[in-house]
Every structure is written in C-alpha cells, then in structure tokens.
Amino acid sequence: MTGPAGQPEQHPVITIDGPSGAGKGTAAAALAEALSFHLLDSGAVYRVAALHAVRCKADLTDEASVLAALRTMHAQFKPRGLDGVDVFLSDENVSQEIRTEKAGNAASQVAVMPAVRSELLDEQRAFRQAPGLVADGRDMGTVVFPDAQLKVFLTASPEQRASRRAKQLKDKGITANIAGLVDEISERDQRDASRTHSPLIPAKDAIVIESSDLNADEVIARILEAWRQVS
Ligand code: DC
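Owing to the predicted nature of the structure, the values given are computational and were not obtained by experimental measurement. Every residue gets a number counted from 1 within its own chain, in the order that chain's sequence is written. Under the rules for a predicted model, residues below a pLDDT of 70 receive no local features and side-chain atom pairs below 80 are neither given nor counted, while totals for whole chains, interfaces and linings still include all residues. Note: side-chain values were computed over all heavy atoms of the structure, leaving out hydrogens and water.

Draft legend 1. Quick look at the sheet that holds strand β4 (residues 85-89). One requirement defines pairing of two strands: DSSP has to find at least two bridges between them. Going along the chain from the N terminus, every DSSP run of H or I of four or more residues is numbered as a helix, and every run of E of two or more is numbered as a strand. Read from one edge to the other, the open sheet built from three strands follows the order β3-β4-β5, with strand pairing classed as antiparallel. Every interior strand has two partners, whereas the edge strands, β3 (75-79) and β5 (92-93), have only one. Looking at chain direction, β3 and β4 are connected through five bridges and run antiparallel. Paired with Q76 across the strands is F88, a residue of β4. Note on contacts: a residue pair is in contact if any heavy atoms of the two residues lie within 4.5 Å. Between the N-to-C directions of two axes lies an angle of 0 to 180 degrees, each axis being a line fitted to C-alpha atoms and, for a helix, fitted only over the stretch in contact. Each of β3, β4 and β5 is contacted by helix α2 (residues 42-55), which is oriented at about 25° to β4, the strand it contacts most.

Draft legend 2. Seen up close, the packing of helix α1 (residues 24-35) against helix α10 (residues 216-230). Where α1 meets α10, the axes come as close as 10 Å, and the angle between the chain directions of the two elements is 50°. In terms of orientation, α1 lies oblique with respect to α10. Pair α1 / α10 crosses with right-handed handedness. On α10, the residues that touch T26, A27, A30, L31 and L35 of α1 are A216, V219, I220, I223, L224 and W227. When an angle is under 35 degrees it counts as roughly parallel; over 145 it counts as roughly antiparallel; between 65 and 115 it counts as roughly perpendicular; any other value is oblique. What makes a crossing left-handed is the near helix being turned counterclockwise from the far one by less than a right angle; a clockwise turn instead makes it right-handed.

Draft legend 3. Layout of the site of the ligand. R47, S108, R117, R138 and D139 are the nearest of the 13 residues found near the ligand. Whenever a nitrogen or oxygen atom comes within 3.5 Å of another N or O atom, the pair is scored as a polar contact, on the condition that within protein one atom can donate a hydrogen and the other can accept it, and that pairs from neighbouring residues in sequence are kept only if both atoms are in side chains. One nitrogen or oxygen atom from the side chain of S42 is found 3.0 Å from a nitrogen atom belonging to the ligand. With respect to the ligand, the side chain of D139 contributes an N or O atom lying 2.9 Å from a nitrogen atom. For the area figures, the Shrake-Rupley method with a 1.4 Å probe applies, and any residue is considered shielded solely by the protein chains shown. In the complex, 86% of the free accessible area of the ligand, which totals 450 Å², lies under the protein chains. Of the residues forming the shell around the ligand, the biggest block, four residues, is contributed by α2. When its residues are assigned to classes, the shell around the ligand shows four nonpolar, four polar and five charged. In this text, near means that some heavy atom of the residue lies within 4 Å of the molecule or strand in question. By the convention adopted, Pro, Cys, Tyr, Trp, Phe, Met, Ile, Leu, Val and Ala count as nonpolar, Lys, Arg, Asp and Glu as charged, and the other residues, Gly among them, as polar.

Draft legend 4. Region of interest: the pairing of strand β7 (residues 150-155). Throughout, exposure labels follow a simple rule: accessible area from a 1.4 Å probe, protein chains only, divided by the maximum for the residue type, with under 20% read as buried, over 50% as exposed, and the rest as partly exposed. Of all six residues that make up β7, six are buried, and the element is covered over most of its length. Burial along β7 is two-sided: the face carrying L150, V152 and L154 and the face carrying K151, F153 and T155 are both buried. In this sheet, β7 lies alongside strand β1 (residues 13-17) in parallel orientation, the contact comprising four bridges. Opposite I16, over in β7, you have V152 as the bridge partner.

This is the structure:
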C-alpha cells in the first residue's frame, strides 16, 4: 500500500494524550473496543520498563545503567477489552505490580531519560497493526506517531483530576486532602509541560477536549464523531 506521496500507507492511529487523571485510559480502551483497534497504554510501557530496571538492580539515576537493563527486557501486552491491557515480564503477569505508587514513581524517573525514551520508541510503534491503533500517553501525537490520522489532547481541571484521584484513593481506603492534591497536580503539570524532552503539550494538529464537565460516554462520543469526520 502506498499513500499520495508514494510513502507506504500506515495503519490508522488515534492518539490520546494528556495529563494523568483526565480520563485517557478509559476513553482509549472504550475506543479501541468500539473500533476493534489495538490498544497501546504507553504509561504501562514506561511502568514495566521501570519495574524491570528495578528488578535488575539498575541505578535509576543513571541512564546507562537503566538502558543496559532495558536491553534484557521481554515485555508482553495482552488486551483485556474495556479493562485495558495485561502486562507480562517474561512469563510473569505484573499487571498489578506496575500500578503501584512505587512503580509509578520509578516510571516517572526513567521517563525523563532521552535514551530510555528513544529505546522504547520501536516497542511502542510495533503496536501499529491492522486494522488500527488507539495510543494513550503523553507524547503519542507529538513524538511516537506524528503522522496519526486523529490526535486528541484530553485534559481536565486540576480540581476535577484531584477529586477523581481522591475517589480512587478512598476506594483503596486512603483519605486524601483535596487541596494538597490540587497543588501536587498543578506542580506536576507545570513540570511536565516545561521539560525539554517530550514535554506534555498538545500536538499542533490535535483537537483539545476539556473533560471537566463531561462524563466518559460524552468524551468517547466526541472522539468517535471526530474520527468519523477524518476516516
Ligand atoms: O500514565 P501513567 O501514569 O501510567 O504513566 C507512567 C509514567 O510514565 C508517568 O510518569 C509519565 C510517563 N509517561 C511518559 O513519560 N510518556 C508516555 N507516553 C506515557 C507515560
């Protein structure tokens, strides 16, 4: 298959980028299910990479040490419909372990390393298979799939994201102070948007959806409508 400029035509991709707590994961899994597309949870890629690095006793402050560990990683991702993906390290199911706060912190440490980001590029691009892909992350539309047919930047106010986070913590039996969470989230937004490598910013050609006053079904309907217009 070739496209208009003689370039090989790539399978379609919908990218959904945005800060954590904006509802990307739920929207991406529902869209992949609705369109029968593959699903890339790129946060899970960073999380499993960090877990593997920790298990290899890599020094998470040293890029070369993390990179050496990544070269021995055998990760697999198996779709679980609306529940996202199951993640395996070699044959061990690590889906629960990568969701812990500890794994999230380790992921954010390795995610700032340019060599780690570029090492994980092929791993992420390999998800682009027929009939298409929904990719969820921070830099899907800007760096990983810059030629995606539809790019969405999903955001919500810090207050809204803090209240969602507080609810998740409450479900785990942890009480959280909303004002403290709003401050933490605002600080992290500022840091993520201003970092040099793959900053969290909308691609120039992304549609921005502010989800503070929308429920998950409304967000999904808007993205499906935008997809119908371009596909
Ligand atoms: O979305 P998440 O919380 O599962 O992401 C885990 C970490 O990985 C988080 O610190 C942000 C980072 N990440 C990234 O830098 N780029 C991506 N495309 C996805 C996640």
